[in-house]
Every structure is written in structure tokens, then in C-alpha cells.
Amino acid sequence: MSETPQPLIRVRDLENRFGRHVVHQGLDLDLYPGEILGVVGGSGTGKSVLLRSIVGLLRPSAGSIEVFGQDLQRLPAAERSHLEQRFGVLFQRGALFTSLTLAENVALPLIEHAGLPRPEAEALARLKLALAGLPGQAATQYPAELSGGMIKRAALARALALDPEVLFLDEPTAGLDPIGAAAFDQLLLTLRDALGLSVFLVTHDLDTLYTACDRVAVLARGHVLVADRLESVAATDDDWIRDYFHGPRGRAAEGAARTAKES
Amino acid sequence: MASQPGELRLEAGTPHPRGDWTLEHHTKLRHRIDAARRAGAGAPESLDEIAAIDTAGAALLAELTGAEYLAGIDERAPGLPAERRALLRAVGEALTRCETPAAPRPHPLRGPLADIGRRMEGIGRQQTQLLGFIGQVLATLATSLWRPRRWRLTSVVSQVHQTGLDALPIVALLTFLVGAVVAFLGATVLRDFGATLYTVHLVAYAFLREFGVILAAILLAGRTASAFTAQLGAMKANEELDALRTLGLDPVELLVLPRVVALCISLPILTFVGMLSGILGGAMVCLVALDISAAQFLAILERDIAVQHFLVGIGKAPLFAFVVAVIGCLEGFKVSGSAQSVGEHTTSSVVQSIFMVILLDAVAALFCMEMGW
């Protein structure tokens, strides 16, 4: 990903603390156009906190976050809302609006932001749901009637509603069966290629890292240890990274990815 | 990148799409496409002049060309850049998958009739459920009554604190004001008969027999039944109730019983405070407006008001408390996953418990009158 050196998202010297508990300190990270960046790290290293800081849900204690070349924290509310429409966020547990059907969930931003009339917005919402791999009849169902995998897909459809440029995914394959997770990885790659997305992907799933990610950033001890192509990250000399990538699960995922590439 | 609004020109029946086919220009392009389709235009010859396109634009394009055309874009327009072909193909394939036949339009009378039927059925089911739940609570109460080890004293005390102690100020204030109002009404009407002294009787009868208990119960229904429903509803939505069951614990014993018992303790206390405070309000009006001194007021109370009126009033309190607590808990158990459902059941629990309190009070008033109490 060296053809465009200008990053879409530039995090510099980020610091986040809750009371006396320091989550991030001196954290630097870039997201380049068109790439899928996997962010990994042990539980409690602040992966989700980083995501929330970038999308503006959490005001960082110090440091700067530039998105599309602008600092979100310093923008007036209207411009900020405009900028935020270029994000799509998939939350860990979907966060679908439970009192709306799936089609209405996806149509909501289309009606509110793009100003489409309701029937058109719902027709477009059905398309997005189909793009996310949901069957046609799912559109009229409520989130409570769906399985975990379908909720993830519907949440992805809502994140894609406004054709965002950057997609933030918080553990999209957590809680999915391996087949569903693999299908989700493929879906992500297809959508990235078709829609030209950049993806910020927080994950624990080694298979997702091997199949979908262009670059991997490792979060530990409050900052990014290394952010590079997977092979170079895996070769980094650090205890945690060694355990992560060369433990039994890491080796299995690597082997699976290699056979998939060869066949 | 210079943005150029999306456009669709018709030349000799062939549409020529150009510019940005994006969500921004959706409404305008929609009109163009409708016009083109009315003119009988088919698929465009080339898509090369489209500057930018997103899924919304691709969906519009599909209306012109049909979804199959986009799904097979690789053969039809191999000259397009690969990313654009991938987008058009993905949208085309998704559209062919999501085409669903439109549901037939139902008869206009059917909706309202079905709604009436559904509501009637709902009311019937609600009453059966309530009776069933009351039975379940009583059975659980009976079994755990003999095992002091399973009494949840901490939980009960904490609930008494929240539902009783914390509600004292508002109950006292409200009944005080109503007491003053009743005394004013009595004074105004009784003055014409020269019987203003009977204002004391009016206030005392009203608060001892009815107002003390009913005002406290209604406040409790609004304040506590709704809280019970929301608490248990949130637990239900979070699968906590299921977790309790799988741990071999009974949610009725663990969650409902302490609440029911706590309300049965709180409401009599609140009722007692309500009675005192209401009579105090009446006494103040008597003192200020009717020149009946506090000593005189007390003397009349002592002479003319029998203790049975107090017993009738306070005797109703545990019954009302039981009904309010049971309805609040049952509605909480009925909550399903959605946020809307929590709201619906909270409303329903308040409305139902106030209704039941007033209904039971009317029945009790008739009963006591016939018994001569």
C-alpha cells in the first residue's frame, strides 16, 4: 500500500486515561486508502477505545487524530457531522435499533442524511442487506428474531448505508461459527474491492488476519508495537507477538491461509 | 476531483449516463430514469462517461438496465475499470437475490377488525396470565415460608428502603395537599347548613377509609410498579433470567418474592403516613379558615371516629401492595428484546396496577358498606 502515501487517518501521540488507569500513551497509527488494517492486541489493551476515539465517541486525553486531513475534535458540529457521514461503524454487538425492522434500520441514515423518500430508502436498504449477504425476507424482520451472524450482517449493511469511505469494524467475526466467519471475511474483501473501502478492523480472529488484512497493527503496553504487513509483524521479536502468531492457533491459521493461497 | 452532477440524456431512444451517479444526486437521477423508462429507453450503450458511482447510483442504473445486465457486466462492458465492474456486478447480483414479490394488498376492513380481535384476545390472555402468576407467587411464598433459610432478608430490606422510605416525602406532601383541598370543599358545602364542624368528620372519614390508602397505592403504582417492570425487563432482555434458571434458581423466589414482601411492608407504612398527613392538612385548613383549634379537632376525632375506619383503610394496604407488585413483576417478565417492548410493558404495568387498585377499592367499599363496617 505504498502508492498513496497520504493517510486517511493519522493518529499521533494519542493518550487516553480513565482516572489513573492509562490505556494509551504515545500511540501513533495510520490508515491508508483502500487497505484493510487489522488491529490486534490482548484483552484490555484498548482496541475498542482506540476505535471509539477515532470515530469521535470518546474525547482523547491528549494527542491528535486527523481524519481526511482534519482534526475531528476542533471542527464545528455541522462539519463534523458531515465528516462522520463518511464513516461506517459496526459495533461489537451490532447495536441495531431493536424497535425497527432491518430495512428500517438501514434506511434511517438514508432518510435522515441523504433525504430520500421512504419507499426509495427502503428499496435501497434492501439492496444493502442483500449486498451484506442477507436473504430478501430478512428485511421485514426485527433484530430480536435474528441469529448473531445475521445481526452482524445487518449491522454491516447499516454501516454501509451512506456508502462510507472508511469502515470501522469492532470484532465482526466474534461469536460467528467458522463457516460464517470465513464467509464474512470473503464478504469484506468483495465489498472492499467493489466499493473501494478502507477498513479499520479490530479483531481477535487470526483467520481474518491471514485472509483479509493488508496490514496488521499490534497494540500492547499502551501503544502500537508494530504496524506492517503480516509476515513482518509475525517476524517481530516480542514475547507477546511470538505467543500470538506462533502459538498453536496462530500456526493453524497460518497453515490454513497458505493452503488456501496455494489451491 | 471535480464533481459533476449525474445526468442521463436521451439521444434517439438510447440513454447516455454521465457525471457522478452518487447518493447526493439520487433524487434528480430518479426523475431522469423515470422519464427515460416512460420513453421506452433500454440499456445504455456505454457506461464509460460515468465519472463516479456508488451503490445507490448502481441501483438506479439497474432500474434502467435490469439487474441481470449488471450481474453480467464483465461480458457486456469489459472495457470498464476492474473496481467499477466489481461494484456493478456485486450490486447486480445482490439485486437479483433480493427481488421479492410484493405482498397482496389486504381488504381495508381487515386491519381494524384484526386489531380489535387481537386486543380482545390480548386482554383475555393478560388476565389468565395474571391469575396464573398470582398463583405461582403464592405457591412459592408458601413453600419458602417454612424455610427461614431461604428468606431473603437483605433483599427485602433494601427493597423496603427504595419503595417505602424513599417514597415517604412525596406521599406525605401529596396527601397533605389533598387533605387541605378536601377540608376546603367540606367547609364550602357544609357552611350552607351551618355544619362546618363536620368538616373534621369528612376529612377523617375520607383519609382513614379511602384516601390515605388509595393515594399511597397510586403513587406506589406509578413509582414502583414501573421500576419493577423496567428492572426485570432489562434483566430479561439481557438473558439474566435465563441464566438464573440454568443455575437452578427460581426467578420468582429470588426476584419477585422479595419485591412483593417489601411492598406489603412498605404500603401499610406509607398508608399510615398518608392518613396522618392528610388529616394534618385538613386540621390546618380547619384552624386557618374555620377557627377550629387543634385541641378541638383532636377532641372531635377522639369522640366521633371509631378505630374500625382506620382498620378498614389500613387493611386494604397489603392487598393493594400485592396486586401492584405482582403486576409490575409480571409485566417485567413479559418484556422481549426490544427497547420499545420495555416502554410498552412499563406503561402497561402502571395503567394496569392503577386500574386494579381503583377497581378493588370500589369492590371493597361496597363490601364494607354491606357489612356495616
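Scroll up for the structure.
Everything numeric in this text was worked out from a predicted model, so none of it was measured.

Peer 1: Please explain the overall build of chain B as it appears in this structure.
Peer 2: When helices and strands are tallied, chain B shows 14 helices and three strands. Across the 373 residues that make up chain B, the buried fraction comes to 36%. For chain B, the proportion of contacts with a sequence separation of at least 24, taken over those separated by at least 6, is 80%.

Peer 1: Please explain the pairing of strand β7 (residues 166-170) of chain A as it appears in this structure.
Peer 2: It is a general feature of regular strands that their side chains alternate between the two faces of the sheet. Residues and elements named next belong to chain A. Here β7 lies mainly inside the structure; five of its five residues are buried. Burial of the side chains of β7 extends over both faces: V166, F168 and D170 are buried on one face and L167 and L169 on the other. The sheet contact formed by strand β6 (residues 87-90) and β7 spans four bridges and is parallel. Bridged to L90 within β7 is L169.

Peer 1: How should the nonpolar core be read in this particular structure?
Peer 2: One recurring pattern in soluble globular proteins: nonpolar side chains tend to sit buried together. Membership of the largest hydrophobic core comes to 104 residues, with the highest contact counts inside it found for L129 of chain A together with V91 of chain B. Counting 55 residues, the second largest nonpolar core, distinct from the first, contains V137, L208, L220 and V326 of chain B.

Peer 1: What is the right way to look at helix α3 (residues 102-112) of chain A in this model?
Peer 2: Owing to its 3.6 residues per turn, the α-helix brings residues three or four apart onto one side. Regarding α3 of chain A, the residues found buried are L102, A103, N105, V106, A107 and L110 of chain A. Tucked inside the fold, the buried residues of α3 of chain A contact α4 (118-131) and α5 (148-159) of chain A.

Peer 1: Can you help me understand the interface of chain A and chain B in this one?
Peer 2: How large an interface is tends to be reported as the accessible area lost when its parts come together. The interface is formed by 23 residues belonging to chain A together with 23 residues belonging to chain B. Looking at the side of chain A that touches chain B, the elements that each hand over two or more residues are α4 and α6 (178-195) of chain A. Tallying contributions element by element places α4 of chain A first for the side of chain A that touches chain B, with eight residues. For the side of chain A that touches chain B, the class distribution of residues is twelve nonpolar, six polar and five charged.

Peer 1: Explanation requested: the sheet that holds strand β1 (residues 7-11) of chain B in the structure shown.
Peer 2: Paired through backbone hydrogen bonds, the strands of a sheet run either parallel or antiparallel to each other. Residue and element names in this part refer to chain B. Read across the sheet, three strands follow the order β1-β2-β3 without closing on themselves; strand pairing throughout is mixed. Edge strands, defined here as strands with exactly one partner in the open sheet, are β1 and β3 (50-53). Taking each pair of neighbouring strands and ignoring which way they run, the sheet shows an average axis angle of 35°. Sheet topology places β1 next to strand β2 (residues 14-21); five bridges connect them, and they run antiparallel.

Peer 1: So what exactly am I meant to see when it comes to the packing of helix α11 (residues 251-289) of chain B against helix α13 (residues 307-334) of chain B here?
Peer 2: For any two helices packed against each other, the geometry is given by the interaxial angle and the distance between the axes. Residues and elements named next belong to chain B. The interhelical angle for the contact between α11 and α13, taken along N-to-C directions, is 140°, at an axis separation of 8 Å. For the element pair α11 / α13, the angle class is oblique. Where α11 crosses over α13, the two elements pack in a sense that is right-handed. Contacts between α11 and α13 involve V256, R259, V260, L263, C264, S266, L267, P268, T271, F272 and M275 from the first element and G313, I314, A317, P318, F320, A321, F322, V324, A325, V326 and C329 from the second. Each residue belonging to the contact of α11 with α13 can be placed in one class, and the counts come to 18 nonpolar, three polar and one charged.

Peer 1: Help me understand the sheet that holds strand β9 (residues 215-220) of chain A in this model?
Peer 2: Residues and elements named next belong to chain A. With mixed pairing, six strands are arranged side by side in an open sheet as β6-β7-β8-β3-β9-β10. For this open sheet the edge positions go to β6 and β10 (223-228), each flanked by a neighbour on one side alone. Here the average twist between neighbouring strands, direction ignored, is 15°.

Peer 1: How should I be thinking about the environment of L190 of chain B in this particular structure?
Peer 2: All names here are of chain B. When you line up the elements, L190 lands in helix α8 (residues 168-191). Overall, the presence of 17 C-beta atoms within 10 Å leaves L190 in the partly exposed class. With near-sequence residues (within four places) excluded, L190 lies in contact with A195, T196, Y198 and T199.

Peer 1: Looking at this model, I keep getting lost on α5 of chain A. Mind explaining?
Peer 2: Residues and elements named next belong to chain A. Here α5 spans 16 Å end to end across twelve residues, near enough to the 16 Å set by a 1.5 Å rise per residue. Counted residue by residue, α5 has nine buried out of twelve residues, so it is predominantly covered. Residues M150, K152, R153, A154, A155, L156, A157, R158 and A159 constitute the buried set of α5. Of the surrounding elements, those touching the buried residues of α5 are β6, α3, α4, β7 and α6.

Peer 1: Please clarify how the packing of α3 of chain A against α5 of chain A should be interpreted in this entry.
Peer 2: All names here are of chain A. Remark: α3 packs on α5, axes separated minimally by 8 Å, with the N-to-C direction vectors making an angle of 20°. By the angle between their directions, the pair α3 and α5 is classed as roughly parallel. The handedness of the crossing between α3 and α5 comes out as right-handed. In this structure, α3 contributes L102, N105 and V106 to the contact, and α5 contributes A154, A157 and R158. In terms of residue class, the contact of α3 with α5 is built from four nonpolar, one polar and one charged.

Peer 1: Is there a simple way to think about the environment of I279 of chain B in this case?
Peer 2: Residue and element names in this part refer to chain B. Inspection of the secondary structure assignment puts I279 in helix α11. It is 8.6 Å that separates the C-alpha atoms of I279 and L208, two residues lying 71 residues apart in sequence. Among all residues touching I279, those that are not within four sequence positions of it are G179, V203, A204 and F207.

Parameters and conventions
Residues numbered from 1 in each chain as written. Chains lettered and ligands numbered in written order. Predicted model: local features only at pLDDT ≥ 70, side-chain atom pairs only at ≥ 80, totals over all residues. Helix = DSSP H or I, 4+ residues; strand = E, 2+ residues; numbered from the N terminus. Buried ≥ 20, exposed ≤ 12 C-beta atoms within 10 Å, placed from the backbone. Contact = placed C-beta atoms within 7 Å. Pairing = 2+ DSSP bridges. Core = buried A, V, L, I, M, F, W, Y, C linked by C-beta atoms within 7 Å. Nonpolar A, V, L, I, M, F, W, Y, C, P; charged D, E, K, R; others polar. Axes fitted to C-alpha atoms, helices over the stretch in contact; angles between N-to-C directions. Parallel < 35°, antiparallel > 145°, perpendicular 65-115°, else oblique. Left-handed = near helix turned anticlockwise from the far one by under 90°. Expected span 1.5 Å × (residues − 1).

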